[in-house]
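Each chain, written out:
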Amino acid sequence: MLLNDDLILIIGGGTWGCSIALELARNGYSNVTVLDGEEVPSSIAAGNDLNKIMEEGSQSEDDTDSAYAWNRLHTLCTRAWLEDPVYQPYYHRTGYVTAASSDPAYEALLEDIKGHEHEYQSVNSAEGLQNTMPKGVLTGDFKGWRGFAKQSGAGWVSAKGTILAAKKEAERLSIRFITGRKGEVIELLFSDDTQPEALQIEKGDKPRRNLEGVKTADGTIHKANTTILANGANADFLLDFKNQLRPTAWTLAHIRMTPSEAKLYKDLPVLFNIEKGFFMEPSDETHELKICDEHPGYINPIYSQTIEGTGMSVKGDGRTIIGSRPFAKHQIPLEAEARVRSFLKETMPHLAERPFSFARICWDADTPDRMPLVDWYPSSSPRKRNFFLAVGGSGHSFKTMPAMGQVVLEFLEGRVDERTRRAFRWRPETAVDRNWWDVQDRWGAEGRVMDINNIQGWTRVGE
């Protein structure tokens, strides 16, 4: 059980790290330090973005633990986006248009809105899609598109703006942020100064090693009563997650609009074809329009190689994937550029050839079931649990930012409900023989996860 004067470390100052820090501060925990190797938000983080899609309310009609926990997250975050003074200014309830181009993807859309059909209006023609926005915005032929429009209860949130607002409020409430080399955690220090062997745990040996502190790049050792690992796709660098995390990258590009275009594009609903891509209205500050090409993601696979006769594995060019490593890149693959421009030709052909003003890859960590991994690290002694995990955003969790801090606090204070605990638990059994190329119900890019080492080349935006 936490005490208000406990020393608390949060590793990661991104989407969930800032949410957790703010919630701790609001509930009287003032001795909190957030460590991050970069200025907040990180250059690789998916949350370091202009905007993200937001839908309100419950998302599933099922009665599984996962559906219950996910719906509860959505209920909590909806209330915050509508009412919380930190988050509310960054939510724009402009509506939402979702569509598909193939029959299988359209069937997936129908399944996705099951139980909420009354909230949507069918749009199955080019004219119908064009009419969801002011004249002159959507000028494409939308060949093969079918979908639905939702006029309320959805829209977009300002991503980077929200993270910085939460950080600012947390700092006002005495939370300390340390960034750069002084905040870059390079090692977790356990009680015997070694990484716990998860294989021993699984065999029943169950060594109980507690986290004693963390070491940062400048050589400083930070100690705390409780440490929270919330650094997204980078978490796999620090801890063996037994293949529960797959760092996965997506791609985005910006087009700079003229002031008159930005005015026309103001307050638009989100347009999202689950096979082609999506866009939201331009930034007020820069007049840049963000476009994402939709695909199951890129990975940067790390391989193991077994030494014959020894059973030992070493990193090399073998065939067994043991992980994926994120990296920062302010360009996108040429194939991604082609997909973005194809999407524009179908929706806004008048913008299809306009040069990009910005492009980047961004990373998140996929769990096998795309549910968050939020739990105490299992090697800790039950009587001295001091290492907590909040990772696994799986590419669709930015909208849960306001709620995640609340749920993590419930775990830390020992009052989380049993169904949420089961849904978000440490669950290595779901990652046994993991298929690293699993598309995980995502569409686009010929329906496959791509190896970022096999791309045709990179864009040269700004060069």
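In case you missed it, the structure is sitting above this.
Reading the values: the criteria
- Residues numbered from 1 in each chain as written.
- Predicted model: local features only at pLDDT ≥ 70, side-chain atom pairs only at ≥ 80, totals over all residues.
- Heavy atoms only, no water.
- Pairing = 2+ DSSP bridges.
- Helix = DSSP H or I, 4+ residues; strand = E, 2+ residues; numbered from the N terminus.
- Contact = heavy atoms within 4.5 Å.
- Axes fitted to C-alpha atoms, helices over the stretch in contact; angles between N-to-C directions.
- Disulfide = S-S within 2.5 Å.
- Buried < 20%, exposed > 50% of the residue type's maximum accessible area, 1.4 Å probe, protein only.
- Parallel < 35°, antiparallel > 145°, perpendicular 65-115°, else oblique.
- Left-handed = near helix turned anticlockwise from the far one by under 90°.
- Nonpolar A, V, L, I, M, F, W, Y, C, P; charged D, E, K, R; others polar.
- Core = buried A, V, L, I, M, F, W, Y, C linked by side-chain atoms within 4.5 Å.
- Expected span 1.5 Å × (residues − 1).
- Salt bridge = Lys/Arg side-chain N within 4 Å of Asp/Glu carboxyl O.
- 1 Å grid on protein atoms, 1.4 Å probe; cavity = no way out; pocket = protein on both sides within 12 Å on 5 of 7 lines; lining within 4 Å.
- Points joined across faces, edges and corners; volume = space filled by probe spheres on them.

A. Representation of the sheet that holds strand S3 (residues 51-55). Within the open sheet, the three strands sit side by side as S3-S8-S4. Their pairing is antiparallel. In this open sheet, the two strands that pair with only one neighbour each are S3 and strand S4 (91-92). One ladder, built from five bridges, connects S3 with strand S8 (residues 154-158); its direction is antiparallel. Pairing of methionine 54 across the sheet is with glycine 155, part of S8. Strands S3, S4 and S8 of the sheet are contacted by helix H2 (residues 65-83), whose axis makes an angle of about 115 degrees with S3.

B. Inspection of the state of the cysteines at higher detail. Tallied over the entire structure, the rule returns zero disulfides. In this model cysteine 18 remains outside any disulfide bridge; the closest cysteine sulfur is found in cysteine 77, 17 Å from its own. On the basis of relative accessibility, which here comes to 0%, the residue cysteine 77 falls in the buried class.

C. A look at the packing of H2 against helix H10 (residues 401-412). Contact geometry of H2 with H10 gives a least axis separation of 7 Å together with a crossing angle of 125 degrees. Taken together, the axis directions place H2 and H10 in an arrangement best described as oblique. In this structure, H2 crosses over H10, and the sense of that crossing is right-handed. Residue-level contacts link Arg72, Leu73, Leu76, Cys77, Ala80 and Trp81 of H2 to Pro402, Ala403, Met404, Gln406, Val407 and Glu410 of H10. Residue classes in the contact of H2 with H10 are distributed as nine nonpolar, one polar and two charged.

D. Expanded view of the nonpolar core. Counting residues in each nonpolar core, the largest one holds 52 residues, and the members touching the most others are Ile10, Leu24, Ile228 and Phe424. No other element matches H10, which puts eight residues into this core. Apart from the residues within four sequence positions on either side, isoleucine 228 is in contact with Ile8, Leu9, Ile10, Ile11, Ile20, Leu24, Phe388 and Leu412.

E. Just helix H5 (residues 159-172), in detail. Compared with an ideal rise of 1.5 Å per residue, which puts 14 residues at 20 Å, H5 spans 20 Å between its outermost C-alpha atoms and is within 8% of the ideal. Turning to H5, its buried residues are Ala159, Gly161, Thr162, Ile163, Ala165, Ala166, Lys167, Glu169 and Ala170. Among the structural elements, helix H1 (15-26), S3, H2, S8, strand S9 (176-179) and H10 are those in contact with the buried residues of H5. Positive phi shows up at serine 174, right after H5, with a value of about 90 degrees.

F. Layout of the sheet that holds strand S11 (residues 211-216). Taken together, the three strands give an open sheet; going across it, the order is S10-S11-S12, and neighbouring strands pair in antiparallel fashion. Both outer strands of the open sheet, strand S10 (185-190) and strand S12 (221-222), are each paired with one neighbouring strand and no more.

G. The pattern of salt bridges, seen in detail. Summed over all chains, the structure comprises 32 salt bridges. Notably, a salt bridge pairs arginine 93 with glutamate 56, separated by 2.7 Å at the nearest N-O pair. Linking arginine 93 in the loop between S4 and strand S5 (96-100) with glutamate 56 in the loop between S3 and H2, this pair joins segments that are 37 residues apart in sequence. A residue is classified by how much of its surface remains accessible, and arginine 93, at 48% relative accessible area, is partly exposed. The shortest N-O distance in the salt bridge between arginine 339 and aspartate 293 comes to 2.8 Å.

H. Spotlight on empty space enclosed by the protein. Applying the stated criterion to the full structure yields one cavity of 30 Å³ or more. A volume near 30 Å³ is recorded for the largest cavity. Forming the walls of the largest cavity are Ser19, Leu22, Glu23, Arg26, Asp84, Tyr87, Pro402 and Gln406. Secondary-structure elements contributing two or more residues to the lining of the largest cavity are H1 and H10. No other element matches H1, which puts four residues into the lining of the largest cavity. Each residue belonging to the lining of the largest cavity can be placed in one class, and the counts come to three nonpolar, two polar and three charged.

I. Representation of the environment of alanine 67 in the model. Looking at where alanine 67 falls in the secondary structure, it is placed in helix H2. Expressed as a C-alpha distance, the spacing of alanine 67 and alanine 423, which sit 356 residues apart in the sequence, is 8.5 Å.

J. Quick look at the pairing of strand S13 (residues 226-229). Of the two faces of S13, both are covered, the one formed by Thr226 and Ile228 as well as the one formed by Thr227 and Leu229. Here strand S1 (residues 8-11) runs beside S13; their pairing, made up of four bridges, is parallel. From the neighbouring strand, isoleucine 11 faces S13, where its bridge partner is leucine 229. Both S13 and strand S24 (residues 387-391) contribute to a ladder of three bridges, which runs parallel. Bridge assignment links leucine 229 to a residue of S24, and that residue is leucine 389.

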